[in-house]
Amino acid sequence: MSLLEVDDLAIHFGGVKAVDGISFAVEPGEVFAIIGPNGAGKSTIFNLISRIYEPTRGRIRFDGQDITRLRAHDIARLGIARTFQNIELFDHSTVLANLLMGRHSHRATNVVQDILFLPKVRREERAHRRKVEEVIEFLELEAYRGKMIAGLPYGVRKVVEIGRALAIGPRLILLDEPASGLSVEETQDMAFWIEDMRREMGLTVLMVEHDMSLVTQVCDRVLAVANGRPLALGTPAEVQGHPDVQAAYLGTERAS
Amino acid sequence: MRVIFKTSYDRDIDLHEHGWERARMALLLGVMALLPFVLGEYYLAEAVNTLIWALAGMGLMIAVGHTGQVSLGHAAFLAVGAYAEAALMNAGLPFLVSFPLAGLIAGVFGGLIALPAARMSGIYLAIATLAVFVIVEELVILLEPITGGVGGQMAPSITILGIGFDRYGALANFYWLCLAVVALTTWGYANLLRSPTGRAFLAVRDSEVSARALGVNVTRTRALAFGLSAGVTGLAGALMGHYIGYFNYELFSIFISINLLLVVTIGGLGSIQGAFLGAILITGVPQLIAILRDNLKAGVGIDLSAVPGLDTLIFSLILIGFIIYEPTGLYGRWLKLRAWIELFPLARRDMFRRQKSYLKTERMR
């Protein structure tokens, strides 16, 4: 059974059909990419899956469960994590605090216990910290633990945001343009991490990406979209060679 | 410069980074506890006033500094706390029951307001809370049987286990009572900030969309924060009622709301210490100006009391100066000073430049 099934998904903002009839299924352990020109509706699909937008029609199923009507804050608990295109970190906190925020869906204490800081809270904090340390080790963030986000370079913030998503302990991770704004070396690191997420953590990865070198390197299958409509679905090579995809990126050749 | 070697996760979970910091806090508390033996009646009363303002400031700090909800209506929660406390004590409840209840009433009231208001932010929320303030002010006048209406209400004197804590009869006891309340609240507040709830508050302040993606129920979290904020401010209101003794609706004017907002912004948004530093400034500067004026009159022979509005002018200038030159507040200034001393002579002027980014609360969304 597929881990994530998107069926005939659509969202219309007034007359604008941002996403219009997109269907795909992501298999467990797969790295799946959505590509397309600017404004194709890629990030909108992400926002629909993480329930920030209300779809006009269509179904989203995760692990057999219909999540189309769940609220945005219920998604993390199911094991779906995401990053954002324009990094959305908590700027006035440290890297460690940001990563600990990723553990929120696992909290087992209430506000009264927190204010009194009962022994249970401390036990929970230690457990969260151990999990977060695993992420820190995985992404090699040791040097930045106590640093404020506001003072970090862009590339590191990008990694911290992925770390925060991993701290959830997800089964599916949605990466919105993981390589945008990164240097060639940083993009290469990102490719290795995505590989490792799949191999070591057993994660399923769904990503939106423009960098075709990264896509061909790490992805099993690619869905190309344009103007909210699906163009082609297949291996990176197949999709790249598809005439409709080339037309969407480069324009159609005028019949001579 | 102190280098801390962390050997267990507990070092990051503990409230204080090292024993010296803990000792310093104990020393501060000790000195505070000994104040009644050093200060005269007048200054001790001022110290009580500062403590109450710090308590109210901590209340507002939860909303403004830690969840990014600007409120212009916190004087309303002071009023709710003060009137609830007086009414409950007049109904015969002992202080130890009525006081927490007064805070609870203010807190629940604040939480109920916050549920619909949680969708608003920035200037819109500020206006909504201002409306709440106006409604509460009217209610106080209308609910005459409980509040005494325009005439006002008398706060009964406090007795716990036969010991008097009256503000006039036993000021030192009242001071210790306030100190205990403030110390306990500070402890609870610090605990909150190192726990999941406090992190959720910061998450909602800094990025709502990613807070949601991490599983934070934003509406509920904002309502909870606002409720806690109103509750702590309500406790401060209850103490303020006892401190003033006889009060009516005029005590809780819009200027109190604005002064509270100044306490948290000038003290330093997003830090507990800021609430204290702000409270010291707000209650201390008028005193300082008065002392200065008396000295000028006695020593130099210049009588400034004839110039109307001079106090307000000086006070405003100080505030404006802070907002322009030190947006991180008194606490932010202290952190820089401390870093400068610790690194001496290696501190560079541009060290803090990159950190200068405003909280979202400060940008009006």
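Every value quoted in this text rests on a predicted model; they were computed, and no experiment measured them.

Summing up its helical and strand segments, chain B has 15 helices and four strands in all. Across its three principal axes, chain B shows a C-alpha extent of roughly 60 × 60 × 45 Å. By the burial criterion, 43% of the 365 residues in chain B qualify as buried.

Within chain A, the secondary structure is distributed over 10 helices and 10 strands. Computed over C-alpha atoms, the radius of gyration of chain A comes to 19 Å, within 12% of the 18 Å expected from 2.2 N^0.38 for 256 residues, which places it in the range of a compact globule. Along the longest, intermediate and shortest principal axes, the C-alpha atoms of chain A span 75 × 40 × 35 Å. The buried share among the 256 residues of chain A stands at 45%. Summarising the internal contacts of chain A: among those between residues at least 6 apart in sequence, 67% fall at separations of at least 24.

A few words now on the interface of chain B and chain A. You'll often see interface size given as the accessible area lost when the parts meet. With 28 residues of chain B in contact, the opposing surface of chain A contributes 36 residues. Elements represented by at least two residues in the side of chain B that touches chain A include exactly α8 (171-193), α9 (196-206) and α10 (208-213) of chain B. In terms of residue count, α9(B) provides more of the side of chain B that touches chain A than any other element does, seven residues in total.

All names here are of chain A. One ladder, built from eight bridges, connects strand β1 (residues 4-13) with strand β2 (residues 16-26); its direction is antiparallel. Among the inter-strand pairings, F13 is bridged to a residue of β2, identified as V16. The turn linking β1 back onto β2 is made up of two residues, and G14 within it adopts a positive phi angle of 65°.

We now examine the sheet that holds strand β5 (residues 65-66) of chain A. Residues and elements named next belong to chain A. With respect to topology, four strands assemble into an open sheet ordered β2-β1-β4-β5, the strand pairing being antiparallel. Of all strands in the sheet, those with a lone pairing partner are β2 and β5, marking the two edges. The sheet strands contacting helix α1 (residues 42-49) are β1, β2 and β4 (57-62), and the helix crosses β2 at an angle near 70°.

Before going further, it helps to examine the packing of helix α5 (residues 95-117) of chain B against helix α11 (residues 218-244) of chain B. All names here are of chain B. At their nearest, the axes of α5 and α11 sit 7 Å apart, and the two run at 145° to each other. Between α5 and α11 the crossing geometry is right-handed. Considered class by class, the residues forming the contact of α5 with α11 number 16 nonpolar, 10 polar and one charged.

Along its 17 residues, helix α4 (residues 74-90) of chain B runs 24 Å from first to last C-alpha, staying within 8% of the 24 Å computed at 1.5 Å per residue. Most of α4(B) sits inside the fold, with 15 of its 17 residues counted as buried.

Before going further, it helps to examine the sheet that holds strand β6 (residues 80-82) of chain A. Residue and element names in this part refer to chain A. Taken together, six strands build an open sheet; the order of strands is β6-β7-β8-β3-β9-β10 and the sheet is mixed. Edge strands, defined here as strands with exactly one partner in the open sheet, are β6 and β10 (229-234). Strand-to-strand twist of the sheet, defined as the mean angle between neighbouring strand axes without regard to direction, takes the value 15°. Relative to strand β7 (residues 172-176), β6 runs parallel, the two sharing three bridges. Looking across to β7, one finds that R82 is bridged to L174. In this fold helix α10 (residues 243-250) packs onto β9 (221-226) and β10, with an angle of close to 130° to the strand it touches most, β10.

Once that is clear, we can look at the domain arrangement of chain A. Residues and elements named next belong to chain A. With domains assigned, chain A is organised as domain 1 (27-54 + 70-79 + 170-256) and domain 2 (89-169). Relative to domain 2, the C-alpha centre of domain 1 lies at a distance of 26 Å. Opposite the 10 residues of domain 1 that make contact, domain 2 presents nine residues. Listing elements by their share of the side of domain 1 that touches domain 2, those giving two or more residues are α2 (75-78) and α7 (184-199). Its residues placed into classes, the side of domain 1 that touches domain 2 shows six nonpolar, two polar and two charged.

Here we come to the nonpolar core. All names here are of chain B. With 171 residues, the main nonpolar core has I52 and L55 as its most contacted residues. The element best represented in this core is helix α3 (residues 41-67), accounting for 14 residues. Sequence-distant contacts of I52, that is, excluding residues within four places in its chain, are made with C178, A236, L239, M240 and Y243.

What follows deals with the domain arrangement of chain B. Residue and element names in this part refer to chain B. Examined at the domain level, chain B breaks down into domain 1 (1-38) and domain 2 (39-352). Relative placement of domain 1 and domain 2: their C-alpha centres are 24 Å apart. Taken residue by residue, the interface counts nine residues in domain 1 and 11 residues in domain 2.

On to the pairing of β4(A), then. Residues and elements named next belong to chain A. Looking at chain direction, β1 and β4 are connected through five bridges and run antiparallel. Counted as the bridge partner of D7 is R59 from β4. In this antiparallel pair of consecutive strands, β4 and β5, the connection spans two residues, and D63 shows a positive phi of 55°.

Okay, α7(A) next. In a regular helix each residue adds 1.5 Å, so 16 residues correspond to 22 Å; α7(A) covers 23 Å between its end C-alpha atoms and thus fits that length. The inward-facing, buried residues of α7(A) contact β3 (31-35), β7, β8 (204-208) and α8 (212-218) of chain A.

What follows is about the confidence of the model for chain B. Detailed reading of the predicted coordinates is not advisable wherever pLDDT falls low. Per-residue pLDDT for chain B has a mean of 85; in total, 93% of the residues score no lower than 70. Reported confidence for the predicted complex is 0.89 by ipTM and 0.88 by pTM.

Turning to the packing of α9(B) against α11(B), a few remarks are in order. Axis angle and axis distance: for two packed helices, these are the angle between their axes and the distance between the axes, and together they describe the pair. Residue and element names in this part refer to chain B. In the contact formed by α9 and α11, the axes pass within 10 Å of each other and the chain directions differ by 110°. Judged by the inter-axis angle, α9 sits roughly perpendicular to α11. Viewed along their axes, α9 and α11 form a crossing whose handedness is left-handed. Touching A200, F201 and V204 of α9 are V218, T221, R222 and A225, all from α11. Split into classes, the residues belonging to the contact of α9 with α11 amount to five nonpolar, one polar and one charged.

Bringing the environment of A128(B) into the picture now. Residue and element names in this part refer to chain B. The residue A128 is located in helix α6 (residues 122-142) in this model. Of the residues examined, A128 has 19 C-beta atoms within 10 Å and is grouped as partly exposed. Note: C-alpha distance between A128 and G68 (60 residues apart in sequence) is 15 Å. Apart from the residues lying within four places of it in its own chain, the contact partners of A128 are A117 and M120.

Analysis parameters
Residues numbered from 1 in each chain as written. Chains lettered and ligands numbered in written order. Predicted model: local features only at pLDDT ≥ 70, side-chain atom pairs only at ≥ 80, totals over all residues. Helix = DSSP H or I, 4+ residues; strand = E, 2+ residues; numbered from the N terminus. Buried ≥ 20, exposed ≤ 12 C-beta atoms within 10 Å, placed from the backbone. Rg over C-alpha atoms; globule rule 2.2 N^0.38 Å. Contact = placed C-beta atoms within 7 Å. Pairing = 2+ DSSP bridges. Axes fitted to C-alpha atoms, helices over the stretch in contact; angles between N-to-C directions. Left-handed = near helix turned anticlockwise from the far one by under 90°. Nonpolar A, V, L, I, M, F, W, Y, C, P; charged D, E, K, R; others polar. Expected span 1.5 Å × (residues − 1). Domains from an automatic or database assignment. Core = buried A, V, L, I, M, F, W, Y, C linked by C-beta atoms within 7 Å. pLDDT = per-residue confidence, 0-100. Parallel < 35°, antiparallel > 145°, perpendicular 65-115°, else oblique.

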